[in-house]
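# Coordinate inspection notes
In case you want the letters, here they are:
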Amino acid sequence: MIRPATPADIAVILRFIRELAAFEREPDAVEATEATLHEALFGAQPAAEAVIAEDATGPLGFAVFFHNFSTWAGRRGLYLEDLYVTPDARGKGVGGALLRHLAALAVARGCARFEWSVLDWNADAIAVYRRMGAVGMEEWTIQRVSGDALRRLAESGD
């Protein structure tokens, strides 16, 4: 079953985020806390939404997503920030169910597209995404400014 996350899920969401960071070889990169996640997901102006995949044994995975906007399409899109499935639940269709759930949500909300990023070394995930019809955006690369570089850029204005 996949359901919208509630404030009671914050601790498990943070645990999944930490497990995902370890899987992605960045175990010390997580700065989120229960408080910041609560504000981001359930505060006065939520920045994102989350869903939980679970069965009778408990939570099996999660997805965090938000809306972006396509100027070319003139409509919003759905961007998947993170998807994680516990090791014991992998290969059992949980990740695919989460992706199908979000795709259905994107269609229901009139989104022009559903997109996400994947690490280039994660061949298993990429293979699953290709089987589901996802297309790699080979000509595009993600650009990021964060931390001190972000502050310097912000301060370099006129």
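Check the entry above for the structure.
Reference entry: report on the structure contained in this document.

Calculation rules
Residues numbered from 1 in each chain as written. Predicted model: local features only at pLDDT ≥ 70, side-chain atom pairs only at ≥ 80, totals over all residues. Heavy atoms only, no water. Helix = DSSP H or I, 4+ residues; strand = E, 2+ residues; numbered from the N terminus. Buried < 20%, exposed > 50% of the residue type's maximum accessible area, 1.4 Å probe, protein only. Contact = heavy atoms within 4.5 Å. Pairing = 2+ DSSP bridges. Phe/Tyr/Trp six-rings, centres within 6.5 Å; stacked < 30°, edge-to-face > 60°.

Secondary-structure assignment places Gly110 in the loop between α3 (94-108) and β5 (114-116). Judged by its relative accessible area of 37%, Gly110 is partly exposed. Distance from Gly110 to Arg76, taken between C-alpha atoms, is 7.7 Å for residues 34 residues apart in sequence. Beyond its immediate sequence surroundings of up to four residues, Gly110 is in contact with Arg75 and Arg76.

Further remarks concern the side chain of Thr86. Here Thr86 is to be found in the loop between β4 (75-85) and α3. Apart from residues no more than four positions distant in its own chain, Thr86 is found in contact with Phe16, Glu19, Pro59 and Leu60.

Bridging between strand β2 (residues 49-55) and strand β3 (residues 58-70) involves 7 bridges; their strand directions are antiparallel. Among the inter-strand pairings, Val51 is bridged to a residue of β3, identified as Ala63. In this sheet, β4 lies alongside β3 in antiparallel orientation, the contact comprising 10 bridges. Along β4, the bridge assignment pairs Phe69 with Arg76. Adjacent in sequence and paired antiparallel, β3 and β4 are bridged by 4 residues, among which Gly74 carries a positive phi angle near 70°.

Summed over all chains, the structure comprises 6 aromatic pairs. Centre to centre, the rings of Trp116 and Tyr129 are 5.1 Å apart; their planes meet at 75°, and the pair counts as edge-to-face. Within this pair, whereas Trp116 is found in strand β5, its partner Tyr129 is found in helix α4 (residues 123-131), the two being separated by 13 residues in sequence. Since its relative accessible area comes to 22%, Trp116 is described here as partly exposed.

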